[in-house]
Each structure stands twice: as structure tokens, then as C-alpha cells.
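Below are the chains, spelled out letter by letter.
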Amino acid sequence: ALIIETALDTKRPCPICVKTITLFAAVLGAEAGNIGLRILARGGVYLAGGLPQRVLPFLKERAFLDAFHQKGRMSNLIKEIPLYVITNPTAGLMGAARYGIVHLLPDD
């Protein structure tokens, strides 16, 4: 948490923390792209949870997006896969509630 806070500090960002989060974003982008290709996620790759939401400014930068898209001979395919960051903090709760309504409630 401290690394993210310090990297995002608008008055005095720590250069080492900025580099750390930039590297993290690149690794996350590369793995998100790999998963998108592995499962041919034509509907998109969705990043959820608190961490992607907190480092969102870094996910808009070149390091993340290049790592997501640079897949060698598969680069044209990955460019067709949309990428989303879920920013609604209640998304997990809404999904669990929907699952409960659809699958656990009686059909009366």
C-alpha cells in the first residue's frame, strides 16, 4: 500500500516506487494478454479487485498496454480482444447475489 501511495503522490512521487509499479503493471499486462490468448477471450479480459483499481493510472500507460499487446505473431489476434478494468467496488457482491438468485432460490 505504501509503494502505491508513494508512487501516486502528486507532490513528491518516489522514483523507485514509480518504477516498481510500472514494472508491476508491465507484468500484469503481459499475463493478462497471455490469458486472453490462452482462452481466446473474444468477450474481453477483465481485471478486477482492489489492486488494478488502485494502480489504474499506471494501467493507462505504455508499459502495461505494450506488454498486453506485444505477443509476437499473435499480436494481431490480441488487438481484437478488449481489455477492461472493473472499478465498481461492489461487482463481486453483485455477482454473488445474482448467482444466489439464479441458482440457489427455489423456482416458486
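Residues numbered from 1 in each chain as written. Predicted model: local features only at pLDDT ≥ 70, side-chain atom pairs only at ≥ 80, totals over all residues. Heavy atoms only, no water.

Now for the overall build of the chain. Assigned secondary structure in the chain consists of seven helices and two strands. Its helices and strands taken in sequence order, the chain reads α-α-β-α-α-α-α-β-α from the N to the C terminus. Over its C-alpha trace the chain gives a radius of gyration of 17 Å, far above what one expects of a compact globule, namely 13 Å for 108 residues. Expressed along its principal axes, the backbone C-alpha trace of the chain runs to roughly 60 × 40 × 15 Å. For the chain, contacts bridging at least 24 residues in sequence account for 68% of all contacts bridging at least 6. Entry remark: accessible area of the chain is about 7600 Å², with carbon and sulfur atoms responsible for 62%. Separation of charge centres in the chain, based on 12 positive and 8 negative side chains, amounts to 10 Å. (Helix = DSSP H or I, 4+ residues; strand = E, 2+ residues; numbered from the N terminus. Rg over C-alpha atoms; globule rule 2.2 N^0.38 Å. Contact = heavy atoms within 4.5 Å. Areas by Shrake-Rupley, 256 points an atom, 1.4 Å probe, with all protein chains shown as cover. Lys, Arg positive; Asp, Glu negative; His and termini not counted. Charge placed at Lys NZ, Arg CZ, Asp CG, Glu CD.)

Attention now moves to the confidence of the model for the chain. It should be kept in mind that the predicted coordinates are not to be read in detail where pLDDT is low. Confidence along the chain averages 94 in pLDDT terms, with 99% of residues attaining 70 or more. Within the chain, no element has a lower average pLDDT than helix α7 (residues 91-104), which sits at 90, and none a higher one than helix α2 (residues 15-38), at 97. (pLDDT = per-residue confidence, 0-100.)

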